[in-house]
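# Commentary on secondary and tertiary structure
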Amino acid sequence: MSDALNSLVSLLPGQVTVKAAAQPNLRDGGDGVGDPSYFDIEIEDNGSILSGKLDAFCIDADNPLNYALIDFNNNGVYGESSVPAPNLSDSLGFPTGSTYTEGAPSDFTATVYSSYDPAIIDGLPNELGEKQIENPQNFDLVNWILNNTGTGQALEGFTVAEIQFAIWELLDDGLPGDQGVIDVSNALYGGSDAANVAQIVQLAQANGEGFEPGAGQKIAIVLVPDGNNDGALDTDADGVPDGNADAQIIITAIELAKLGDFVFEDADADGIQDVGEQGIEGATVNLLADTDGDGVIENDEVVDTTTTDADGKYHFTVLPGDYKVQFETPDGFDMASPANQGGDDAVDSDGPISDVVSLDPGEEDPTIDAGFFKKAALGDKVFFDDDRDGIQDAGEAGVAGVTVTLTGGGADGVIGTSDDTTTTQTTDANGEYLFENLNPGEEYKVTFSDLPNGFEFTDANQGTNDAADSDADPTTGMTQVVTLSSGEVNLTLDAGIVEQTASLGDKVFFDDDRDGIQDAGEAGV
């Protein structure tokens, strides 16, 4: 059994109240609730995943189905008398127009098990008794049968009686010893052919070995009735529990759901899956559920764990119900992206712990995703541009002690608004600086100031190599605005400085009066 199916065990209610166990609408020949089944049950359990109407079959042919009744006219009212059921009359050879008394509903409590519960597979000898489930190892075959009884499935065309007989054969080593039970089953459920029953068993053995239902398929649930409603399994005459069920153990099924599906590197840390952002392989994802029944899904209530595949995908196959998904920070990443950004839940990030996800039977929710990112950094050097060409050449030394101010875009990520941030460093002995722990997706710029006396900035953006040029505006000392991506280390924001130069000049003129002085009106040459 997979860990995923094993994890479902803890999500089932321990006990439920079965309000009615009714055999199908016979007057109209209907099949009751959902797919064809031997009878239908209605469970009332305060909105648990088993609440409502469900299909059911019998497991143990040795015990009576003494709590079931027949709602002959399928009107939801039990205990009526003089109810016609022509199909039953015809099948049993009763006179046309015969009527029947339905009987009163018989509520009972039942202990609940998953058919993949290790306790069920091991047979529960101390709880269910020696004769209750003779072949629990065949539950995989029965699960295959329950997933193949509907229209278009492998067992379409077989009668409900034949399907029930096959389940008895697989789990109970044969049909009921009471021929009357067989006769009534044939009468109510379309008759049976022994060859067809054998074919169903063979198909299950050929196709159902090791079968495990996935999302959209049904998982069999075992109900062990406390038919006496005394809070204990059946007792002997001396009142000592003997470990046997009070009535026939039954099997029902619920459709599994699915949730997922993507953990990604959020390159710009905006909490949205953008085109080109890659999945993260090997991220740990935990499924949380309310295992202690206090109505709150807590962070330590982990019921299943998986890791993302090479594309960052994951999924959980689950029982219908309420869950949260917890994403652990992957190795090499610093933090989760902001959650629930934008208006499209299919592409936002929901981590590190999602909101409650409520799943109906068969529902798939592929929108529970999480983005993670790495912090970024930028730098890197102030240098003496000895040849005044605006490019860091080999041998040009760094400048220590220059003030470097980093301006960030703040909460809105945009420089020029009221939430801008600033932080300051000075260059080290090699003229280098580095700002770390920066946010991807946020705008940044650098301003250089407090140059050595007699120096000014060289020309900016010379040549074609941004890693070797000078980026400081010669007038303001300010670089261009840059936006970093997840994990990026931008070491291209440099500044070159040169010595300030003097100048001399001025004019050659015609000294008309030969007095050696520029007089008004004397023209230049």
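Above this text is the structure in question.
Anyway, here's the lowdown on the structure attached to this text.

Analysis parameters
- Numbering of residues begins from 1 in every chain and follows the order in which that chain's sequence is written.
- Under the rules for a predicted model, residues below a pLDDT of 70 receive no local features and side-chain atom pairs below 80 are neither given nor counted, while totals for whole chains, interfaces and linings still include all residues.
- Values shown for side chains rest on all heavy atoms present in the structure; no hydrogens or waters enter the calculation.
- At least two bridges found by DSSP between two strands is the condition for calling them paired.
- Secondary structure follows DSSP: runs of H or I at least 4 residues long count as helices, runs of E at least 2 residues long count as strands, and numbering of each begins at the N terminus.
- Two N or O atoms count as a polar contact when they lie within 3.5 Å, although within protein this holds only if one can serve as hydrogen donor and the other as acceptor, and sequence-adjacent residues are included solely when both atoms are side-chain atoms.
- Contact criterion: two residues are considered in contact whenever any of their non-hydrogen atoms come within 4.5 Å of each other.
- Here the expected span of a helix is defined as 1.5 Å times the quantity of residues minus one.
- Residue burial is assigned from relative accessible area. The probe radius is 1.4 Å, only protein chains are included, and a residue is buried under 20% of its type maximum, exposed over 50%, and partly exposed in between.

Turning our eyes to something else, we now look at the sheet that holds strand E10 (residues 257-265). Ordered by their spatial adjacency, four strands build an open sheet running E13-E10-E17-E15, and the pairing between neighbours is mixed. Bordering the open sheet on either side are strand E13 (313-318) and strand E15 (335-336), each of which pairs with just one other strand. One ladder, built from seven bridges, connects E10 with strand E17 (residues 364-373); its direction is parallel. Residue pairing across strands places Asp261 opposite Ile368, the latter belonging to E17.

Of note, the bond from Gly260 into Asp261 is cis; its omega dihedral lies within 30 degrees of zero at 25°. As for its position among the elements, Asp261 is in strand E10. That bond from Gly351 to Pro352 is cis: its omega, 0°, falls within 30 degrees of zero. With respect to the helices and strands, Pro352 occurs in the loop between E15 and strand E16 (357-359). The phi angle at Asn437 is positive, at roughly 60°, despite the residue not being glycine. Note on placement: Asn437 falls in strand E22 (residues 435-438).

Considering the arrangement of structural elements, one finds Asn135 in the loop between helix H4 (125-128) and helix H5 (139-146). At 3.3 Å, the side chain of Asn135 and the backbone oxygen of Leu170 are in polar contact. Setting aside residues up to four positions removed in sequence, Asn135 forms contacts with Glu169, Leu170, Leu171, Asp172 and Asp173.

This brings us to helix H6 (residues 160-172). Between the first and last C-alpha of H6 there are 17 Å, a value that for 13 residues agrees with the 18 Å anticipated at 1.5 Å per step. Along H6, 12 of the 13 residues are buried, which leaves the element largely enclosed by surrounding structure. Within H6, the full set of buried residues consists of Val160, Ala161, Glu162, Ile163, Gln164, Phe165, Ala166, Ile167, Trp168, Leu170, Leu171 and Asp172. Of the residues flanking the end of H6, it is Asp173, one or two places downstream, whose phi is positive at about 60°.

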